[in-house]
Amino acid sequence: MNQVKVHDWTVKPPCVAVLHVDFKGKESLLRSADEKLAEAVNLFEALEVEVVYSDIVRLSQVNSHTLLGKGKVEVFAGTCRDLKLDAVFVDCDLTPSQQRNLEKAWQVKVLDRTAVILEIFASRAQTKAGRLQVSLAQIAYQQSRLVRSWTHLERQRGGLSKVGGPGERQIELDRRMLLDKAKVLREKLAQVKQERGVQRSARTKQHILQIALVGYTNAGKSTLFEALTGHEAGSENKLFATLDPLVRKLKLLSGREVVLSDTVGFISDLPHELVEAFKATLEEVVASDLILQVHDASSLECMAQADDVAAVLKQIGACSIPIIHVVNKVDVIECRDDITLEGIYCSALTGEGLEELQQRIEEHFAHVEVVHELEISAAEGKKIAWLHSHGKVVEQSLKEQTWHLKVQLESSVWQKYQKLFDVG
Ligand SMILES: Nc1nc2c(ncn2[C@@H]2O[C@H](COP(=O)(O)OP(=O)(O)O)[C@@H](O)[C@H]2O)c(=O)[nH]1
Ligand SMILES: [Mg+2]
């Protein structure tokens, strides 16, 4: 049992620390420990926590009880007290007992990498199928913890002949409960997947165009999201008010409004068992009309990451969606001959190149036809006639003196209509 106090998120965001563990001899040639720490901090911040302390711990030797050495554990206990931390993210994999021992020593909640990633996926999965997939991954994680701690207990008992203490029985019960839960989830998932085809076709009827930002964590997606939509925040438009904070209205140069959504970033060294859950969080991307793939030009792994993203987009069935490549952070690079991406080179931070990006998006959508659903009073015959002559009316019905119309229009034509009849 975990004796650590549970944070009340409704009062204030938890105050947390991030420790990136760098194992000696396992350093990456491409990414420095600093970069990995930055990624870990960015990752954790996605959970709306306040990261007040972050550090790299270099380990040459693993302590099987606490992972970190005794001295480091003791010193850090002081840090936890001084900073009044609510949780610590140890950026690596911890065994269940290491996690418990650290919690005991530091008197705070301790999360390892898989736990944090799962939390993020759980908070971001939007579709029913996505949420089920993530729940399954969470159960698998809990199961692996049970199994591991069980074998650990068994080893502790050593050669004792007495079998079946209360601990073991509890674990067996927990294990069965998780198995049952997983079974129910799998059945539900199969059912939802069957229904999904129907939902897709319903979605394509929506007349608002959707753009999805994809790319690795730290590429600058959220910064770009802010930069492109920032001025539109607090919009009074009802249509957008109900959407979640990761989806915002984006007003293009022409005044046309589209929807931009930020997605969970790709994660370097994603634990293998989380791959399916990650893909599930990207399901909304499949329904988008345009993808902005954001690249971090300052990362040495830029090109390799671009390939990873392309492969996953293909796997989730998004490869037919048009992509605009956004090569970000050009403010910090001098020359990168190896980046051969054709796209918009910009800086979400300084704003350089963002106008060009807007223009490119505008151009892309200029000739896309969209179905608009309109209600027009029967007295306004002029409007109806105009729509018939300029667009393709797909559906039309009259109810209590109001025409209900579905009209397919090119973007420029829709704008003309809005101007001509002063509707918005
Ligand atoms: N120098 C520079 N830094 C940037 C730029 N865009 C984002 N960043 C920084 O990169 C880090 C990650 O950005 P963020 O938007 O959170 O990335 P995300 O994980 O893709 O959402 C943050 O520290 C940003 O300030 C840029 O154009 N130039
Ligand atoms: Mg982000």
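Calculation notes
- Residues numbered from 1 in each chain as written.
- Chains lettered and ligands numbered in written order.
- Predicted model: local features only at pLDDT ≥ 70, side-chain atom pairs only at ≥ 80, totals over all residues.
- Near = placed C-beta within 6 Å.
- Helix = DSSP H or I, 4+ residues; strand = E, 2+ residues; numbered from the N terminus.
- Nonpolar A, V, L, I, M, F, W, Y, C, P; charged D, E, K, R; others polar.
- pLDDT = per-residue confidence, 0-100.
- Contact = placed C-beta atoms within 7 Å.
- Pairing = 2+ DSSP bridges.
- Axes fitted to C-alpha atoms, helices over the stretch in contact; angles between N-to-C directions.
- Expected span 1.5 Å × (residues − 1).
- Buried ≥ 20, exposed ≤ 12 C-beta atoms within 10 Å, placed from the backbone.
- Right-handed = clockwise from strand over helix to strand, strands pointing away.
- Core = buried A, V, L, I, M, F, W, Y, C linked by C-beta atoms within 7 Å.
- Domains from an automatic or database assignment.

Some points on the site of ligand 1
As a structural note, the neighbourhood of ligand 1 is formed by 17 residues, with Gly 220, Lys 221, Ser 222, Thr 223 and Leu 349 the closest of them. With three residues, helix 7 (residues 221-229) is the single largest residue contributor to the shell around ligand 1. The residue inventory of the shell around ligand 1, partitioned by class, reads four nonpolar, 10 polar and three charged.

Quick notes on the confidence of the model for the protein chain
In the predicted model, the protein chain carries a mean pLDDT of 83, and the fraction of residues at 70 or more is 85%. Note that residues 199-203 has pLDDT below 50 and, in this model, one contact with residues that lie over four places away or in other chains.

Things to note about the sheet that holds strand 7 (residues 257-262)
Judged by pairing direction, the sheet is mixed, and its six strands sit side by side in the order 6-7-5-8-9-10 without closing on themselves. Sheet topology places strand 6 (247-251) and strand 10 (344-345) at the edges, where each strand pairs with a single neighbour. When strand 8 (residues 290-296) meets strand 9 (residues 323-328), the two strands line up parallel, connected through six bridges. Among the inter-strand pairings, Asp 296 is bridged to a residue of strand 9, identified as Asn 328. Contacts from helix 11 (residues 302-315) reach strand 5 (210-215) and strand 8 within the one sheet, and its direction differs from that of strand 8 by about 155 degrees.

Examining the sheet that holds strand 11 (residues 369-377)
Whether parallel or antiparallel, the strands of a sheet pair through hydrogen bonds between backbone atoms. Judged by pairing direction, the sheet is antiparallel, and its three strands sit side by side in the order 11-13-12 without closing on themselves. Both edges of this open sheet fall to strand 11 and strand 12 (392-399), since each of them pairs with a single strand only. Averaged over neighbouring strand pairs, the angle between their axes works out to 15 degrees when direction is ignored. Most of the contacts of helix 13 (residues 381-390) go to strand 13 (residues 402-410), to which it runs at about 30 degrees, and overall it touches strand 11, strand 12 and strand 13.

Observations regarding helix 4 (residues 113-124)
Spanning 12 residues, helix 4 covers 17 Å between terminal C-alpha atoms, matching the ideal 16 Å at 1.5 Å per step. Every buried residue of helix 4 is accounted for by Arg 113, Thr 114, Val 116, Ile 117, Leu 118, Ile 120, Phe 121 and Arg 124.

Considering the pairing of strand 4 (residues 109-112)
A two-sided burial pattern is seen for strand 4, the buried positions comprising Lys 109 and Leu 111 on one face and Val 110 and Asp 112 on the other. Relative to strand 4, strand 3 (residues 87-91) runs parallel, the two being bridged by four bridges. Looking at strand 4, one finds that Phe 89 is bridged to Leu 111. Each parallel crossover has a hand, and for strand 3 linked through helix 3 (residues 96-106) to strand 4 it is right-handed.

Things to note about the nonpolar core
Core analysis: the largest hydrophobic core is formed by 41 residues, its most contacted members being Ile 211, Leu 213, Leu 224, Val 258, Leu 260, Val 326 and Cys 346. Both domains that meet at this core, namely domain 3 (210-366) and domain 4 (369-421), each give it at least three residues. Beyond its immediate sequence surroundings of up to four residues, Leu 213 is in contact with Lys 221, Leu 224, Phe 225, Leu 260, Ser 261, Asp 262, Thr 263, Leu 292 and Val 294.

Some thoughts on the pairing of strand 13
When strand 11 meets strand 13, the two strands line up antiparallel, connected through nine bridges. Paired with Glu 373 across the two strands is Lys 406, which belongs to strand 13. Of the strand pairs in this sheet, strand 12 and strand 13 are connected by seven bridges, and their pairing is antiparallel. Along strand 13, the bridge assignment pairs Gln 396 with Leu 405. Turn length for the strand 12-strand 13 hairpin, with the two strands adjacent in sequence and antiparallel, is two residues, and the turn residue Glu 400 shows positive phi of about 45 degrees.

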